[in-house]
Amino acid sequence: MSNYKQFHDRAINKLKGLPVDKSTFCPLPFVHVSTMPHGEVKLCCRAQPPQNDRNPYVTDPDFNLKDYWHSDYMNNIRDDLILGNKNTQCKNCWKMEDNDIVSLRLNRLTDLMDNEIYRENIEHYLKHREVEFKIPLIELKLSNVCNFKCRMCWPKDSSKWMQDWDKVKEFYSEGDQNYIEEIVDSNGLRKTRVMNLYEKDEQFVGQLVELMDHIDELEFAGGEPLMDPIHYRVLDSIPHPENVTLKYSTNLSIMKMGKHNVIDLWKKFKSIKLTISIDGHKELNHTIRRGSDWDLLKSNIELVKRELNNIDVIKGTTCISGMNAMELGETAEAIVFELGIHWHTSRVQWPDFLHANVLSPEQLKIGIDGLNRVFDSLNTPERRNVMRRQMFEIHLKGAISWLQSCIDNNKHKEKYEAFTKFNSTITDMDNE
């Protein structure tokens, strides 16, 4: 049995005893809410907007987080997942599972279903078709403030990108350009570059504070959350930090911000989970994640390991794209064997000119060969006991499967020219 099949079956087995369709059920809409820097509220970070519609926004005149949580909109999604209907908002997970890649759904089944707090929410809904306004897992992207300009990012998610947007927006569709222009105009980004919607919306912040009594795990992403003053304000509102796990998607380049020493702050909490965005080994990471410094990253990882006793997990996540697909093997090795942390992957599926399928089959085969080389090396004596070997193998095989799907559904002829022009434009900007 493959490592993926073992992981899949173990995740699905967590649903034993619940009257739900195991092929579609996901716990997140019962226990979780996810917010974007410009005020959008989503089912999770991977979820798509409703078909032919838009997600709610905290800036909508009639938006109320409690009403949203109890709405027919949310209950209908919950019912779909219970009954076996593949809601289109969840298509990213279905696509990954179809390619034998561990999805967010499977990860969350594994992480959450043994926890009584989360199971109670689900069981309450199954009995009463209602979930109490006690949301134990919240992902907050509170601001776009960031010190990096990653090539696959844009102004909605990075304040540093605003200064470059006009130079590259021609590569994006008219709809994408209009989307950003609306966000820019409504938030005054040409002047400030930074969105602080949640700090302006006291009702929403007040409802967040109300939930802090019931919070189990709080996720922060951005932007760069460790730069964000609103992030520290939320942490200060938690009455019992010793009962709360903090989870971050971070570039881990900043360990002090104003009066806040990140290490001292994290020591107050139950546990810390870090997902560090690392899209290449050394210089490749610097090229893609504009502003990154490999030596500083390595030093900060060592600092966290040395100073914190409550670290649960540190993993480096690589977003597979046309920019790094040929060097994924080297990237995985650098993260696991040099930085000494776990390796995780996600995929650029938008913008389509950065998708890995813009590379030729021959280029993608180079990436597959590199990943197979690392996989085979795990049978050597010096690597046989690598940490969390099974999960490492799952992500290696998942990345191989993804690159193979990029060969099978190749867009090299249609998209490669835009890919090379985009990267050439940014390289010229970086050299100015």
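Details of the structure are given in the entry above.
Residues numbered from 1 in each chain as written. Predicted model: local features only at pLDDT ≥ 70, side-chain atom pairs only at ≥ 80, totals over all residues. Heavy atoms only, no water.

Caption draft 1: Layout of the nonpolar core. If you look at the biggest cluster of nonpolar residues, it comprises 136 residues, and the most contacted ones within it are Ile138, Leu218, Leu246, Leu252, Trp266 and Leu403. Examining the composition of this core, we find that nine residues originate from one element, helix 19 (residues 389–408), more than from any other. Apart from residues lying up to four places away in sequence, Leu246 is in contact with Leu218, Phe220, Leu235, Trp266, Phe269, Ser271, Ile272 and Lys273. (Core = buried A, V, L, I, M, F, W, Y, C linked by side-chain atoms within 4.5 Å. Buried < 20%, exposed > 50% of the residue type's maximum accessible area, 1.4 Å probe, protein only. Helix = DSSP H or I, 4+ residues; strand = E, 2+ residues; numbered from the N terminus. Contact = heavy atoms within 4.5 Å.)

Caption draft 2: Spotlight on the sheet that holds strand 12 (residues 342–347). With mixed pairing, the eight strands of this open sheet are ordered in space as 2-1-3-5-6-9-11-12. Each edge of the open sheet carries a strand with a single partner, namely strand 2 (41–42) and strand 12. Of the pairings in the sheet, the one linking strand 1 (residues 32–35) to strand 3 (residues 137–141) comprises four bridges and is parallel in character. Opposite His32, over in strand 3, you have Leu137 as the bridge partner. Packed onto the sheet, helix 13 (residues 229–236) meets strand 3, strand 5 (217–221) and strand 6 (245–250) and runs at close to 170° relative to strand 5. Relative to the sheet, helix 17 (residues 328–338) contacts strand 11 (311–320) and strand 12, its axis offset from that of strand 12 by approximately 140°. (Pairing = 2+ DSSP bridges. Axes fitted to C-alpha atoms, helices over the stretch in contact; angles between N-to-C directions.)

Caption draft 3: Structural view of helix 20 (residues 412–431). Under the 1.5 Å per step criterion, the end-to-end length of helix 20 is 27 Å for 20 residues, consistent within 8% with the ideal 28 Å. Considered for burial, the residues of helix 20 that qualify are Phe419, Phe422, Asn423, Ile426 and Met429. One side of helix 20 holds all its buried residues, which, seen down the axis, span an arc of 115°. Turned more than 90 degrees off the buried face of helix 20, the exposed positions are Lys413, Glu417 and Asn431. Its buried side turned inward, helix 20 meets helix 8 (165–168) and strand 10 (289–290). (Expected span 1.5 Å × (residues − 1). Arc of directions from axis to C-beta.)

Caption draft 4: The arrangement of the pattern of salt bridges in detail. One pass over the full model with this rule turns up 29 salt bridges. Here Glu217 and Arg108 are joined by a salt bridge, their closest N and O atoms 3.6 Å apart. Here Glu217 is found in strand 5, whereas its partner Arg108 is found in helix 6 (residues 104–112), with 109 residues between them in sequence. When sorted by exposure, Glu217 lands in the same class as Arg108, which is buried. For Glu219, the salt bridge goes to Arg108, with nearest N and O atoms at 2.3 Å. Taken together, the residues span a long stretch of sequence, with Glu219 in strand 5 and Arg108 in helix 6 at a distance of 111 residues. For the pair formed by Glu219 and Arg108, the shared burial category is buried. Salt bridges here are not isolated pairs; linked through shared partners, they connect Arg108, Asp111, Glu217, Glu219 and Lys273. (Salt bridge = Lys/Arg side-chain N within 4 Å of Asp/Glu carboxyl O.)

Caption draft 5: Here's a closer look at the packing of aromatic side chains. Under the definition given, this model contains 20 aromatic pairs. A ring pair is formed by Trp154 and Trp350, whose centres lie 4.5 Å apart and whose planes are at 55°; its orientation type is tilted. Here the residue Trp154 occupies a position in the loop between strand 4 (149–150) and helix 8, and Trp350 occupies one in the loop between strand 12 and helix 18 (361–377), the gap between them amounting to 196 residues. A relative accessible area of 6% means that Trp154 is categorised as buried. Of the aromatic side chains, those joined through ring pairs into one cluster are Trp154, Trp165, Phe171, Tyr172, Tyr179, Trp350, Phe353 and Phe422. Just above the ring of Trp161 sits the side chain of Arg290; from NZ or CZ to the centre is 5.4 Å. (Phe/Tyr/Trp six-rings, centres within 6.5 Å; stacked < 30°, edge-to-face > 60°. Lys NZ or Arg CZ within 6 Å of the ring centre and 35° of its normal.)

Caption draft 6: Quick look at the pairing of strand 3. Within strand 3, five of the five residues are buried, which leaves it mostly tucked inside the rest of the structure. Where strand 3 meets strand 5, five bridges bridge the pair, whose relative direction is parallel. Bridge pairing in strand 5 places Glu139 opposite Glu219.

Caption draft 7: Representation of the packing of helix 17 against helix 19. Contact geometry for helix 17 and helix 19: axes closest at 12 Å, N-to-C directions at 160°. Classified by the angle their axes make, helix 17 and helix 19 are roughly antiparallel. Relative to helix 19, the crossing made by helix 17 is right-handed. Residues Leu328, Ala332, Val336 and Phe337 of helix 17 form the contact with helix 19, whose participating residues are Phe392, Leu396, Ala399 and Leu403. In terms of residue class, the contact of helix 17 with helix 19 is built from eight nonpolar, no polar and no charged. (Parallel < 35°, antiparallel > 145°, perpendicular 65-115°, else oblique. Left-handed = near helix turned anticlockwise from the far one by under 90°. Nonpolar A, V, L, I, M, F, W, Y, C, P; charged D, E, K, R; others polar.)

Caption draft 8: Quick peek at the state of the cysteines. A full pass over the atoms with the stated rule returns zero disulfides. The thiol of Cys319 is not disulfide-bonded; the next cysteine sulfur, from Cys150, is found 9.7 Å away. Assessed through its relative accessible area of 19%, Cys319 is described here as buried. (Disulfide = S-S within 2.5 Å.)

Caption draft 9: Layout of the environment of Gly370. Counting through the fold element by element, Gly370 comes out in helix 18. Considering only alpha carbons, one finds Gly370 and Ser253, 117 residues apart in sequence, at a separation of 28 Å.

Remember, this is a structural readout, not a statement about activity or role.
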